[in-house]
Amino acid sequence: MTRRVSRQRPHCPCGLEETYENCCGRFHRGESAAPTAEALMRSRYSAFVKLNEAYLLRTWHPRTRPPGVDLDPGMRWTGLEILGTSDGSAFHGTGTVTFRASFKGGSLHERSRFERVDGAWAYVDGEFFD
Ligand SMILES: [Zn+2]
């Protein structure tokens, strides 16, 4: 959970010991939907790393979805740490994921709220710390 992404290893950007293709890539390609709020959170972090704006918008709740995401290609994401979750499993309709996303020069500490939209997890909004 607290493993850092290393460029030398075939880890998914989200930090799991899987290749990107077999991890978040499956969600990005639309082959399957993230089964839990945490999986969606991880795949959205990977989408930031991969500059995949379409996926970020697709997984944003229609109620809070912005017209676009300003992705900065110069941003160097260095790792994702999941600090805690509540609900967000296959049996829930809502959930939260607290995480720290690190980038060169700083980090983002957030508790994100997720809700299901037509069965699929969607990002609603986040509360920021620090
Ligand atoms: Zn992943």
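Here the structure is a predicted model, which is why all the values come from computation and not from measurement.

A. Spotlight on the overall build of the chain. Assigned secondary structure in the chain consists of three helices and four strands. For the chain, the N- to C-terminal ordering of α and β elements is α-α-α-β-β-β-β. Seen through its principal axes, the chain has C-alpha atoms that stretch 40 × 35 × 30 Å. Evaluated residue by residue, the chain yields a buried proportion of 42% over its 130 residues. Carbon and sulfur atoms provide 51% of the accessible area of the chain, an area that totals close to 7,200 Å². Charge centroids of the chain, computed over 18 positive and 16 negative side chains, lie 4 Å from each other.

B. Region of the structure containing helix H2 (residues 37-49). Spanning 13 residues, H2 covers 19 Å between terminal C-alpha atoms, matching the ideal 18 Å at 1.5 Å per step. For H2, the tally of buried residues reaches 10 of 13 residues, placing the bulk of the element in the interior. Listed in full, the buried residues belonging to H2 are Ala37, Ala39, Leu40, Met41, Arg42, Ser43, Arg44, Tyr45, Ser46 and Ala47. Buried positions along H2 lie against helix H1 (24-28), helix H3 (53-58), strand E1 (77-87), strand E2 (94-103), strand E3 (106-117) and strand E4 (120-128).

C. Structural context of the coordination of the zinc ion. For the zinc ion, every protein donor is listed as Cys12 (SG), Cys14 (SG), Cys23 (SG) and Cys24 (SG), and the spread of their distances is 2.3 to 2.4 Å. Viewed at the metal, the four donor atoms of the zinc ion are separated by angles of 104 to 120°, and the geometry they form is tetrahedral. When the donor residues of the zinc ion are listed from N- to C-terminus, their spacing reads C-x1-C-x8-C-C. With Cys14 in the segment before H1 and Cys24 in helix H1, this residue pair connects regions lying 10 residues apart in the sequence.

D. A look at the nonpolar core. Membership of the largest hydrophobic core comes to 28 residues, with the highest contact counts inside it found for Met41, Leu80 and Phe114. Secondary-structure elements contributing two or more residues to this core are H1, H2, H3, E1, E2 and E4. Here this core takes six residues from H2, the largest share from any one element. The contact partners of Met41, leaving out residues within four places of it in the chain, are Leu80, Ile82, Val97, Phe99, Ser112 and Phe114.

E. Main features of the environment of Arg26. By the element assignment, Arg26 lies in helix H1. Residue Arg26 is classed as partly exposed on the basis of its relative accessible area of 31%. Considering only alpha carbons, one finds Arg26 and His109, 83 residues apart in sequence, at a separation of 26 Å. What Arg26 contacts, discounting residues up to four positions off in sequence, is Tyr20, Glu21, Glu31 and Ser32.

F. Seen up close, unusual backbone geometry. Unusually for a residue other than glycine, Leu51 sits at a positive phi of about 55°. Position of Leu51 relative to the elements: it lies in the loop between H2 and H3. In the Ramachandran plot, Asp118 falls in the positive-phi region, its phi being about 50° despite a non-glycine side chain. Of note, Asp118 is situated in the loop between E3 and E4. Residue classification places Asp118 among the exposed positions, given a relative accessible area of 83%.

The rules behind the values
Residues numbered from 1 in each chain as written. Predicted model: local features only at pLDDT ≥ 70, side-chain atom pairs only at ≥ 80, totals over all residues. Heavy atoms only, no water. Helix = DSSP H or I, 4+ residues; strand = E, 2+ residues; numbered from the N terminus. Buried < 20%, exposed > 50% of the residue type's maximum accessible area, 1.4 Å probe, protein only. Areas by Shrake-Rupley, 256 points an atom, 1.4 Å probe, with all protein chains shown as cover. Lys, Arg positive; Asp, Glu negative; His and termini not counted. Charge placed at Lys NZ, Arg CZ, Asp CG, Glu CD. Expected span 1.5 Å × (residues − 1). Contact = heavy atoms within 4.5 Å. Donors = N, O, S within 2.8 Å, 3.2 Å for Na, K, Ca; no water. Tetrahedral: all angles 85-135°; square planar, octahedral: opposite > 155°, others 65-115°. Core = buried A, V, L, I, M, F, W, Y, C linked by side-chain atoms within 4.5 Å.

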